[in-house]
Amino acid sequence: MKGIILAGGSGTRLYPITKVYSKQLTIIYDKPLIYYPLSVLMLGGIKEVLIISNQETIPLYRKLFGDGSSIGMQIQYAIQKAPNGIAEAFIIGEKFIGNDSVSLILGDNIFYGKLDFFYKAVSSNKKGATIFAYQVKDPQRYGVVEFDKNGKAVSIEEKPKKPKSNYAVPGLYVYDNKVIEIAKTLKPSERGELEITDVNKYYLERNELYVERIGRGVAWLDTGTPEALLQASNFFGVIEDRQGTKVACIEEIAFQRGFISRTKFSILIESLPESPYKEYLKNVLNE
């Protein structure tokens, strides 16, 4: 299973922040936003990740993560020349994906809580596609899944004016290798984008789409607005302060998941500048 983080988009709702840098580099409490989606892939056991963004931002991600070897990963980078839609990620990442399955997460989506629904989808790696459904009060902003009385998904619509359910599709998807060829057959929508909803419809029509409903124990945060950024920062600030543990700490996850040895973790810590973040990792090492 390979992983892709699509860290693109124009981020117009966050102007003027995004006039200077990508929204995925904005700060959520004490770390860049992109740490959060990366941590989800890592917690799922995915070690090979492709980060897709624009030409201006890729050097900044390289500065953040390098080739990923310091945390036991292989991180590659690719350019999306324009915000042409989520599904274009599979065309851009064709060589990276190779013959493998792939999980894609959007760079501005945050998941917190018991993520067994994702781990299960990654580990089972079954034929077809697995997407997720999360109950929201404003489904018209998202792709929406309609279920029949037996709980089977029967339709998916992109940003419908009259949603058929309150279940939105968050920016986390798991696909088999067919997704590359499916993406190549898509035509741009009225928005001029290759829509991920059209990919999901393809699998649905062939009875190869699995939709897992996410329970109440999981928080899904879409950080596309200034208000959402503030709410996410406050949310994680409270959690970290109360529990004394960090969320989306990629170095800690790499160590605890066995991506790197204790020795390599120690060397990594010593390479960091003096900071509360470094002190936290020292405590993790000494626990």
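Refer to the preceding data block for the structure.
Let me begin by describing the structure that accompanies this report. (Residues numbered from 1 in each chain as written. Predicted model: local features only at pLDDT ≥ 70, side-chain atom pairs only at ≥ 80, totals over all residues. Heavy atoms only, no water.)

Notes on the overall build of the protein
Rules: Put simply, DSSP H or I for four residues or longer makes a helix, DSSP E for two residues or longer makes a strand, and each gets a number counted from the N terminus. Atoms considered for the radius of gyration are the C-alpha atoms alone. The globule rule reads 2.2 Å times the number of residues to the power 0.38. Residue exposure (1.4 Å probe, protein chains only): buried if accessible area is under 20% of the type maximum, exposed if over 50%, otherwise partly exposed. Any two residues having at least one pair of non-hydrogen atoms within 4.5 Å are treated as being in contact. Per-residue and other accessible areas were derived by the Shrake-Rupley procedure at a 1.4 Å probe size, with only the shown protein chains allowed to occlude residues.
What the protein contains, in helices and strands, is 12 helices and 14 strands. For 287 residues, the compact-globule formula gives about 19 Å, and the C-alpha radius of gyration of the protein, at 19 Å, lands near that figure. Along the first, second and third principal axes, the C-alpha atoms of the protein reach 55 × 40 × 40 Å. Within the protein, the fraction of its 287 residues that count as buried is 54%. For the protein, the proportion of contacts with a sequence separation of at least 24, taken over those separated by at least 6, is 73%. Accessible surface, the protein as shown: approximately 14200 Å² in total, 49% of it carbon and sulfur.

Observations concerning helix α9 (residues 226-243)
Cut-off, in case you're wondering: Helices are assigned an expected span. That span is 1.5 Å times one less than the residue count. By construction, the arc corresponds to the directions joining the helix axis to the C-beta atoms.
Under the 1.5 Å per step criterion, the end-to-end length of α9 is 26 Å for 18 residues, consistent within 8% with the ideal 26 Å. For α9, the complete set of buried residues consists of Ala-228, Leu-229, Ala-232, Ser-233, Phe-236, Gly-237, Ile-239 and Glu-240. Each buried residue of α9 lies within a common arc of 170 degrees when the element is viewed along its axis, so the set occupies one face. Set apart from the buried face of α9 by more than 90 degrees, the exposed residues are Glu-227, Leu-230, Gln-231, Val-238, Asp-241 and Arg-242. Here the buried face of α9 lies against β2 (27-28), β3 (31-32), α2 (35-43), β7 (109-113) and β14 (218-222).

Digging into the nonpolar core
Formally: Buried residues of nine kinds, namely Ala, Val, Leu, Ile, Met, Phe, Trp, Tyr and Cys, make up a nonpolar core once their side-chain atoms join them within 4.5 Å.
Core analysis: the largest hydrophobic core is formed by 51 residues, its most contacted members being Ile-5, Met-42, Ile-51, Phe-65, Phe-111, Phe-117 and Phe-118. With near-sequence residues (within four places) excluded, Met-42 lies in contact with Ile-71, Met-73, Ile-250, Ile-253, Ala-254, Arg-257 and Phe-259. Core analysis: the next-biggest nonpolar cluster, separate from the first, contains 36 residues, Ile-4, Tyr-175, Leu-204 and Val-211 among them.

Description of the packing of aromatic side chains
Note the threshold: Pairing of aromatic rings covers Phe, Tyr and Trp, the last through its six-membered ring, and needs centres within 6.5 Å; plane angles under 30 degrees mean stacked, over 60 mean edge-to-face, and all others mean tilted.
Taken as a whole, this structure holds 15 aromatic pairs when the rule is applied. Centroid distance Tyr-134 to Trp-220: 5.5 Å. Interplanar angle 75 degrees. Geometry classified as edge-to-face. Residue Tyr-134 is found in strand β8 (residues 129-135), and its partner Trp-220 is found in strand β14; the two are separated by 86 residues along the sequence. Trp-220 gets classed as buried once you look at its relative accessible area, which sits at 9%.

So, the pairing of strand β9 (residues 143-147)
Filter applied, for reference: For two strands to count as paired, DSSP must find a minimum of two bridges between them.
β9 sits mainly inside the fold: four of its five residues count as buried. With five bridges joining them, β9 and strand β10 (residues 153-158) adopt antiparallel strand pairing. From the neighbouring strand, Phe-147 faces β10, where its bridge partner is Ala-153. Between the end of β9 and the start of β10, which pair antiparallel, lie five residues, with Gly-151 showing a positive phi angle near 85 degrees.

Concerning unusual backbone geometry
At the junction of Tyr-15 and Pro-16, the peptide bond is cis and its omega measures out at 10 degrees in the coordinates. Mapped onto the elements, Pro-16 comes out in the loop between β1 (2-6) and α1 (17-20). With phi around 60 degrees, Tyr-29 is a residue other than glycine that occupies positive phi space. Secondary-structure assignment places Tyr-29 in the loop between β2 and β3. Tyr-29 gets classed as partly exposed once you look at its relative accessible area, which sits at 42%. Phi is positive for Ala-248, close to 60 degrees, though the residue is something other than glycine.

Some points on the pairing of strand β4 (residues 48-53)
Rule in force here: The definition of a right-handed crossover adopted here requires that, viewed with the strands pointing away, the path from the first strand over the helix to the second runs clockwise.
Summarising burial for β4: five of the six residues are buried, a large majority. Of the strand pairs in this sheet, β1 and β4 are connected by four bridges, and their pairing is parallel. Within β4, the residue paired with Gly-3 across the bridge is Val-49. Note that the unit made of β4, helix α3 (residues 58-65) and strand β5 (residues 74-79) has a crossover that is right-handed.

Some thoughts on the pattern of salt bridges
Opposite charge on two side chains permits them to pair, given that their charged atoms come into close proximity. Our working definition: Salt-bridge detection follows one rule: a side-chain nitrogen of Lys or Arg within 4 Å of a carboxyl oxygen of Asp or Glu.
In this structure the tally under the stated criterion is 21 salt bridges. In this structure, Asp-30 engages Lys-246 in a salt bridge whose closest nitrogen and oxygen atoms are separated by 2.6 Å. Of the two residues, Asp-30 sits in the loop between β2 and β3 while Lys-246 sits in the loop between α9 and α10 (250-256), which places them 216 residues apart along the sequence. One salt bridge in this structure joins Glu-158 and Lys-159, with 3.0 Å as the shortest N-O distance. Overall, Glu-158 belongs to the partly exposed group, its relative accessible area being 28%. Residues joined by salt bridges that share partners form a network here, namely Glu-158, Lys-159, Arg-191, Glu-193 and Glu-195.

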